[in-house]
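One letter stands for each residue in the lines below.
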Amino acid sequence: MSQLTRIRPGHPTRRFSPVLFLLLLATFSLSAVAQTPDQGTWRIFYEPTRDRVQLAFEHYENGARRHGSTSFGVRPIELRGLPLSQLSSYSGPARFQLVRDAGTFNFEGQLRDGHGTGFFTFSPDSRFPQQLSSRGYERPTSDQQFWLGLHDVGYAMLDELRAQGYERPSVDQLVVMGMHGANLEYMKSLSSAGYRVGNTHRLVTLRDHGVSHEFIGGLNDAGYKNLSLDDLQALRDHGVNPDFIASLRRFGFTDLTTGQLLEARDHGVTESFVEDFRDLGYKDLSLRDFVRMRDHGVTAGFARNLRSSNGRLLSVEDLIRRRDRGDY
């Protein structure tokens, strides 16, 4: 018999109407709730414009204390027994399944106009431990098998790890990969961008830092191709994105190195900062000049005041010198 399984804290979930939640849960009898000390609940939110269903799991111990939650999107077609007609406009009871290699999630509850909630059970696939063993992995515990199922760490992902030359991770590491979204889809997206990381810990780090296929593609379009993984992570961490690069190019700052981009971003050289000085008449300053002025607290307002009192624009060196000595 399948058992209700605890959910650990995960990613933030989409908020669900408390009134609807209580109304739907009221359809379940108190005797059913009392059958087990641990209840697993689910919620869904259908997004037809994205052809996506946001599916959330929550765990309550003794029917009261919240233990944790996790949420992710699935395609509607992945929810067996739940046709689009029920997702979009149906109101009433529903039963459906989410089938993974590690096992099947069974859902029972209520739907109302694209929203729903209820209770779930997880039925582990008895073949899964042997399949992992045949691929050189240790057999998963029941908890590990649940988490691998929840995050869809299945045979295709294991085979892709081998095909891309990754070292074989432990089952615990597979669970961590799934929890962080360093999954089959992410591996393939990096591979299509020309990157095979080879180390699962690094793969998780890149995913956590937001180094995505879209981010890499945007940098490629901006002329920054074949960057190292270290450069990609540094640029992402510091907020150097295609929009920032384009904003600097508006002022003629082209062919910048990744180091120059990082320096400008870290020191607060924004589009408005440069534009304010250009409007004052500072047309031929280098990016380094703007970095230095930003570091010394030289603002366009400060430069404007000195121009008014001196009758002319001061040089960058004079601006910095006057600002350092405390002029206003």
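Conventions and cut-offs
Residues numbered from 1 in each chain as written. Predicted model: local features only at pLDDT ≥ 70, side-chain atom pairs only at ≥ 80, totals over all residues. Heavy atoms only, no water. Salt bridge = Lys/Arg side-chain N within 4 Å of Asp/Glu carboxyl O. Helix = DSSP H or I, 4+ residues; strand = E, 2+ residues; numbered from the N terminus. Buried < 20%, exposed > 50% of the residue type's maximum accessible area, 1.4 Å probe, protein only. Phe/Tyr/Trp six-rings, centres within 6.5 Å; stacked < 30°, edge-to-face > 60°. Pairing = 2+ DSSP bridges. Polar contact = N/O pair within 3.5 Å; in protein donor to acceptor, adjacent residues only side chain to side chain. Arc of directions from axis to C-beta. Contact = heavy atoms within 4.5 Å.

Novice: I would appreciate a short explanation of the pattern of salt bridges in the present structure.
Specialist: Summed over all chains, the structure comprises 17 salt bridges. We note a salt bridge from D159 to R162, for which the minimum N-O separation is 3.7 Å. Taken as a pair, D159 and R162 lie in helix α6 (residues 155-163) at a separation of three residues, close to a single helical turn. A relative accessible area of 27% means that D159 is categorised as partly exposed.

Novice: In this structure, what is going on with the packing of aromatic side chains? I would like to understand it.
Specialist: Two aromatic rings, taken as a pair, are described by how far apart their centres are and by the angle between their planes. This model, assessed by the stated rule, comprises 17 aromatic pairs. Between F146 and W147, the aromatic rings sit 5.2 Å apart at their centres with planes inclined by 75°, giving edge-to-face as the arrangement. When its relative accessible area of 0% is taken as the criterion, F146 is described as buried. On the accessibility criterion, W147 (4% relative accessible area) is buried. An angle of 80° between the planes, with centres 6.1 Å apart, marks the rings of F253 and F290 as edge-to-face. Taken together, the positions of F253 in the loop between α12 (242-249) and α13 (258-266) and F290 in helix α15 (residues 287-295) put the pair 37 residues apart, joining distant regions of the chain.

Novice: So what exactly am I meant to see when it comes to the pairing of strand β6 (residues 103-112) here?
Specialist: Walk down a regular strand and you will see the side chains alternate between the two sheet faces. Burial runs high along β6: eight of the ten residues are buried. In terms of strand pairing, strand β5 (residues 91-99) meets β6 through nine bridges, oriented antiparallel. Residue pairing in the sheet places S91 in a bridge with R112 of β6. Linkage of β5 to β6, two consecutive antiparallel strands, is achieved through a turn of three residues. Where β6 meets strand β7 (residues 115-124), ten bridges bridge the pair, whose relative direction is antiparallel. Across the sheet, N106 pairs through a bridge with T121, a residue of β7.

Novice: It is not clear to me how the side chain of T117 should be interpreted in this structure. Could you clarify?
Specialist: Its location among the elements puts T117 in strand β7. On the basis of relative accessibility, which here comes to 0%, the residue T117 falls in the buried class. A polar atom in the side chain of T117 sits 2.9 Å from the backbone oxygen of W42.

Novice: Please explain helix α14 (residues 271-280) as it appears in this structure.
Specialist: Owing to its 3.6 residues per turn, the α-helix brings residues three or four apart onto one side. Looking at α14, one finds that the buried residues are F273, V274, F277, R278 and L280. Looking straight down α14, one finds its buried side chains confined to an arc of 160°; they lie on one side. Buried positions along α14 lie against α15 and α16 (300-310). Immediately downstream of α14, the backbone of G281 shows phi near 120°, a positive value.

Novice: What is the right way to look at the environment of D159 in this model?
Specialist: With 24 residues separating them along the chain, D159 and R135 place their C-alpha atoms 8.5 Å apart. Here the side chain of D159 touches R135 through a polar contact of 3.1 Å, side chain to side chain.

Novice: Just checking my understanding: could you explain unusual backbone geometry for this structure?
Specialist: Backbone geometry follows two general trends: most residues other than glycine have a negative phi, and most peptide bonds adopt the trans configuration. For D113, which is not a glycine, the phi torsion comes out positive at approximately 50°. On the secondary structure map, D113 appears in the loop between β6 and β7. Given a relative accessible area of 47%, D113 falls into the partly exposed group. If you check the backbone angles, D255 has positive phi at about 55° while not being a glycine.

Novice: Is there a simple way to explain the environment of S191 in this structure?
Specialist: Inspection of the secondary structure assignment puts S191 in helix α8 (residues 184-192). It is 9.1 Å that separates the C-alpha atoms of S191 and H213, two residues lying 22 residues apart in sequence. The contact partners of S191, leaving out residues within four places of it in the chain, are Q164 and R196.

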